[in-house]
Amino acid sequence: MTVTITGRFLDWEGCFNVRDLGGLGGVAPGAVVRSDALDGLTGRGWTTLTAHGIRTVVDLRNDGEAGADHAARPPGLNTVRIPLDGIEDREFWDVWWGSPGFGTPAYFRPFLARFPERVAAVARAIADAPPGGVVFHCGLGRDRTGIIALVLLRLMGASPEEIADDHGLSEPRVRARYAAQGRPYDSAEIEEYVAGLGTTTRALARDTAQWLLPEPYLRAAGLSAAELARLQARLEA
């Protein structure tokens, strides 16, 4: 299937933060898409999603976090739910949950070090998905989705600078989602937190990408050589 993309963002009615990772590193257009929650998609949104070639949805949200779909999910669309957070690990989350750092890449590297098997489970689901494109999403499409995007993009040769740029595209879309839902969004606490670290949100994303050695990381996390090869082939397809 030939996929044409204008810019990085995709217009799926009912979502606010959808973009194809094609063109970054060695990722082919249409192979994998990152998104905010798909629950709000209209019927037209779902039609646009399937027209883009998507055949598998990987939902990274916690149990009980998902709402009812606004419109019927198309038949034949494979949905896989892999709660990424591991919220039962209180030693980790008592530090991060509810902190302003949780809304920044400051927690990406600690998370990757703490939960490699959960990241590997998502990578495996993408590698072994039925033919067609894959979309993975959380709630806002910024943090949990950002972690998985970082790993996949680094695996496919995207530079830390490209990955940091991709991460930065989410913030205006998060603001738009909040505004559309009539919810207040105040980033002052997050900005103050990052400034207190003596860095920037972009630098945090870039530095985590620079630190990550994707193939050794995924192999140590439990991905077999064959699974890793399938994942790479899938993203190149």
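Placed above this text is the structure.
Residues numbered from 1 in each chain as written. Predicted model: local features only at pLDDT ≥ 70, side-chain atom pairs only at ≥ 80, totals over all residues. Heavy atoms only, no water.

Draft legend 1. Fine view of the overall build of the protein. Looking only at helices and strands, one finds 11 helices and five strands in the protein. Scaling as 2.2 N^0.38, a compact globule of 237 residues should have a C-alpha radius of gyration of about 18 Å, and the protein matches this with 17 Å. Expressed as lengths along the three principal axes of its C-alpha atoms, the size of the protein is roughly 45 × 45 × 35 Å. Expressed as a percentage of its 237 residues, the buried residues of the protein come to 51%. Of the contacts made within the protein by residues no fewer than 6 positions apart, 71% connect residues no fewer than 24 positions apart. (Helix = DSSP H or I, 4+ residues; strand = E, 2+ residues; numbered from the N terminus. Rg over C-alpha atoms; globule rule 2.2 N^0.38 Å. Buried < 20%, exposed > 50% of the residue type's maximum accessible area, 1.4 Å probe, protein only. Contact = heavy atoms within 4.5 Å.)

Draft legend 2. Structural detail: the packing of helix α6 (residues 160–168) against helix α7 (residues 170–180). At their nearest, the axes of α6 and α7 sit 5 Å apart, and the two run at 15° to each other. It follows that α6 is roughly parallel to α7 by the angle criterion. Of the residues in α7, those touching α6 at D166, H167 and G168 are S170, E171 and P172. Of the residues assigned to the contact of α6 with α7, the class counts are one nonpolar, three polar and two charged. (Axes fitted to C-alpha atoms, helices over the stretch in contact; angles between N-to-C directions. Parallel < 35°, antiparallel > 145°, perpendicular 65-115°, else oblique. Nonpolar A, V, L, I, M, F, W, Y, C, P; charged D, E, K, R; others polar.)

Draft legend 3. Inspection of the sheet that holds strand β5 (residues 133–137) at higher detail. Within the open sheet, the five strands sit side by side as β1-β2-β5-β3-β4. Their pairing is mixed. Pairing within the sheet leaves two strands with one partner each, and these edge strands are β1 (19–20) and β4 (78–81). (Pairing = 2+ DSSP bridges.)

Draft legend 4. Geometry of the pairing of strand β3 (residues 54–59). The buried fraction of β3 is high, at five of six residues. Bridging between β3 and β4 involves four bridges; their strand directions are parallel. Among the inter-strand pairings, D59 is bridged to a residue of β4, identified as R81.

Draft legend 5. Broad picture of the packing of aromatic side chains. Under the counting rule described, the total for this entry stands at 16 aromatic pairs. Relative to F102, the ring of W97 lies with its centre 5.2 Å away and its plane at 35°, an arrangement referred to as tilted. Following the ring pairs from residue to residue traces out a cluster consisting of F92, W93, W96, W97, F102, Y107, F108, F111 and F115. A cation over an aromatic ring shows up here: R173 above the ring of F9, its NZ or CZ 3.5 Å from the ring centre. Above the plane of the ring of Y178 lies R183, whose end atom (NZ or CZ) is 4.1 Å from the centre. (Phe/Tyr/Trp six-rings, centres within 6.5 Å; stacked < 30°, edge-to-face > 60°. Lys NZ or Arg CZ within 6 Å of the ring centre and 35° of its normal.)

Draft legend 6. How the structure looks around the nonpolar core. Ranked by internal contacts, the top residues of the largest apolar core, which has 52 residues, are F111, I126, F136, L218 and L231. Residue contributions to this core peak at eight residues, all from helix α5 (residues 144–155). With near-sequence residues (within four places) excluded, L218 lies in contact with V119, A120, A123, V151, L155, L223, L228 and L231. Core analysis: the next-biggest nonpolar cluster, separate from the first, contains 14 residues, L10, V18, L41 and L77 among them. (Core = buried A, V, L, I, M, F, W, Y, C linked by side-chain atoms within 4.5 Å.)

Draft legend 7. Seen up close, the pattern of salt bridges. Per the counting criterion, the structure on display carries 22 salt bridges. In this structure, D39 and R61 form a salt bridge, with 2.8 Å as the shortest nitrogen-oxygen distance. Placement of the pair is D39 in the loop between β2 (32–35) and α1 (43–51) and R61 in the loop between β3 and β4, with a sequence separation of 22 residues. Residue R61 is classed as buried on the basis of its relative accessible area, which comes to 6%. Note that D85 and R144 form a salt bridge whose closest N and O atoms lie 3.5 Å from each other. (Salt bridge = Lys/Arg side-chain N within 4 Å of Asp/Glu carboxyl O.)

Draft legend 8. Layout of the packing of α6 against helix α9 (residues 201–211). Here α6 crosses α9 at 140°, and the two axes come no closer than 8 Å. Taken together, the axis directions place α6 and α9 in an arrangement best described as oblique. When the axes of α6 and α9 are compared, the crossing they make is right-handed. On the side of α6, the interface is formed by P160, E161, I163, A164, D165 and H167, while α9 contributes T201, R202, A205, R206, A209 and Q210. (Left-handed = near helix turned anticlockwise from the far one by under 90°.)

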